Structures are given as structure tokens and as C-alpha cells.
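# Coordinates in review
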Amino acid sequence: MKKIKECIKIARLKWNQQEKSEQRTPWKGAFFGFLIALCIVIGDQVAKTPTLNHWIIMLLFPTVFGAIGCAIALWYLNLTRNQRKAALDKIPDLFEDSQTRKHS
């Protein structure tokens, strides 16, 4: 009985860690996209002839890249959740029809 309680405690701890990690995933993606866009904007301003001249474009560029990063992170999160869910599903029996024909 003591072993079962320990296993339940460990499983609950791992579940909470996984939930926290899943909650952070979209923020990590948005930050990564924002960071890439910020490097592009700073690199553009350092160049001899900057392409991004207007300040609104300089602000929109990281915002759009952050949104794209967040969308990719949410897609990845959904993909991993569906993979975990599918791993618990019953495997379909592909030979069910042929087995019933043999026994009939």
C-alpha cells in the first residue's frame, strides 16, 4: 500500500511538471519568434542602407514574428498531446475480417 501511494505521488508530481511545461510552450515560441525578429531589425539598422525605415514597420516586424512563433508552438503542443493520446488508444485489428472468415 505504501508503494502505491509513493507511485501516485510521483505520478502527480510528473503530471504537474508536464502541465507547467505545456503552459509555458506558447510563451517560449512567442519569445523565440520575437527574438529572431529583433535580431533582424537590429541587423537591418546596423547595415549601411536600412530597409525598415518607418518605426511602425520596426514594431510590427517583431510582433508578427512573435505571433508566428506562438502559433508554431501551439501547433507543436497540439501535436505532442495528440501523439500521447494516440499512444493510449487500442490498436486496430487489421486481420479481424480474415479471422472471422476462417472460423465460419
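This report concerns the structure included in the present document. Quick caveat: nothing in here was measured; it's all calculated off a predicted structure. Along each chain, residue indices are assigned from 1 in the same order as the chain's sequence is written. The model is predicted, so local features are restricted to residues of pLDDT at least 70 and side-chain atom pairs to those at 80 or more, both for listing and for counting; the totals for chains, interfaces and linings are taken over all residues. To get the side-chain values, take all heavy atoms of the structure and skip hydrogens and water.

### Regarding the overall build of the protein
Under the convention used in this document: Helix and strand definitions here come from DSSP, where helices need a minimum of 4 consecutive H or I residues and strands a minimum of 2 consecutive E residues; each element is numbered from the N-terminal end. Restricting the calculation to C-alpha atoms gives the radius of gyration, and the globule rule supplies 2.2 Å times the number of residues raised to the power 0.38. Three labels apply to residues, based on accessible area from a 1.4 Å probe with only protein chains included: buried if under 20% of the type maximum, exposed if over 50%, partly exposed otherwise in between.
Counting its secondary structure elements, the protein contains 3 helices and 0 strands. For the protein, the α and β elements follow one another from N to C terminus as α-α-α. Taken over C-alpha atoms, the radius of gyration comes to 25 Å for the protein, far larger than the 13 Å a tight globule of 104 residues would show. The C-alpha extent of the protein, read off along each of the three principal axes, is 80 × 50 × 20 Å. In the protein, buried positions account for 15% of the 104 residues.

### Here we look at a nonpolar patch on the surface
This is how it is decided: The patches described consist of residues with a relative accessible area above 30% and no salt bridge, like charges being joined within 9 Å and nonpolar side chains (Val, Leu, Ile, Met, Phe, Trp, Tyr) within 5 Å. Residue burial considers only the protein chains on display, and all accessible areas are found by Shrake-Rupley using a 1.4 Å probe. Any Lys or Arg side-chain nitrogen located within 4 Å of an Asp or Glu carboxyl oxygen qualifies as a salt bridge.
Taken together, the side chains of Trp-55, Ile-56, Leu-59, Leu-60, Val-64, Ile-68, Ile-72, Trp-75, Tyr-76 and Leu-79 present a nonpolar region at the surface, about 1100 Å² in accessible area. Within the element layout of this structure, Leu-60 appears in helix α2 (residues 55-88). The class of Leu-60 is partly exposed, set by a relative accessible area of 49%.

### Looking at the environment of Thr-80
If you trace the backbone, Thr-80 turns up in helix α2. By relative accessible area, Thr-80 is classed as buried at 16%. Between the C-alpha atoms of Thr-80 and Cys-39, which are 41 residues apart in sequence, the distance is 29 Å.

### Remarks on helix α1 (residues 2-46)
Put simply, the rule reads: A helix's residues, less one, multiplied by 1.5 Å, set its expected span. At any given residue, the bend is defined as the angle formed between two axes, one fitted to the seven residues that end at that position and one fitted to the seven that begin there. By definition in these notes, contact holds between two residues if any of their heavy atoms fall within 4.5 Å.
With 45 residues, α1 ought to run about 66 Å at 1.5 Å a step, and its terminal C-alpha atoms sit 64 Å apart, in line with that. In the structure, α1 departs most strongly from a straight axis at Thr-25, where the bend amounts to approximately 35° and where the proline Pro-26 lies between one and four residues downstream. Of the positions making up α1, those classed as buried are Glu-22, Thr-25, Pro-26, Gly-29, Ala-30, Gly-33, Ala-37, Val-41 and Asp-44. Against the buried residues of α1 lie α2.

### Thoughts on the packing of α1 against α2
For the record, the criterion: Axis definition: a line fit to C-alpha positions, over the contact stretch in the case of helices; interaxial angles, taken between N-to-C directions, run 0 to 180 degrees. Note on angle classes: values under 35 degrees are labelled roughly parallel, values over 145 roughly antiparallel, values of 65 to 115 roughly perpendicular, and the remainder oblique. Less than a right angle of anticlockwise turn of the near helix away from the far helix marks a crossing as left-handed, whereas a clockwise turn marks it as right-handed. Basically, the charged four are Asp, Glu, Lys and Arg, the nonpolar ten are Ala, Val, Leu, Ile, Met, Phe, Trp, Tyr, Cys and Pro, and anything else, Gly included, counts as polar.
Contact geometry of α1 with α2 gives a least axis separation of 7 Å together with a crossing angle of 150°. Here α1 is positioned roughly antiparallel relative to α2, judged by the angle of their axes. α1 and α2 meet at a crossing whose hand is right-handed. Grouping the constituent residues of the contact of α1 with α2 by class yields 15 nonpolar, 7 polar and 3 charged.

### Quick look at the pattern of salt bridges
Throughout the structure, instances matching the rule amount to 2 salt bridges. Between Arg-81 and Glu-22 there is a salt bridge, with the nearest N and O atoms lying 3.0 Å from each other. With Arg-81 in helix α2 and Glu-22 in helix α1, the pair connects residues that are 59 residues apart, well separated along the chain. When the shortest N-O distance is used, the salt bridge between Glu-22 and Arg-84 registers 2.9 Å.

### What to know about the environment of Cys-70
Residue placement: Cys-70 occurs in helix α2. Sequence separation of Cys-70 and Gly-29 is 41 residues, and the distance between their C-alpha atoms is 4.7 Å. When sequence neighbours within four positions are dropped, the list of residues in contact with Cys-70 reads Pro-26, Gly-29 and Ala-30.

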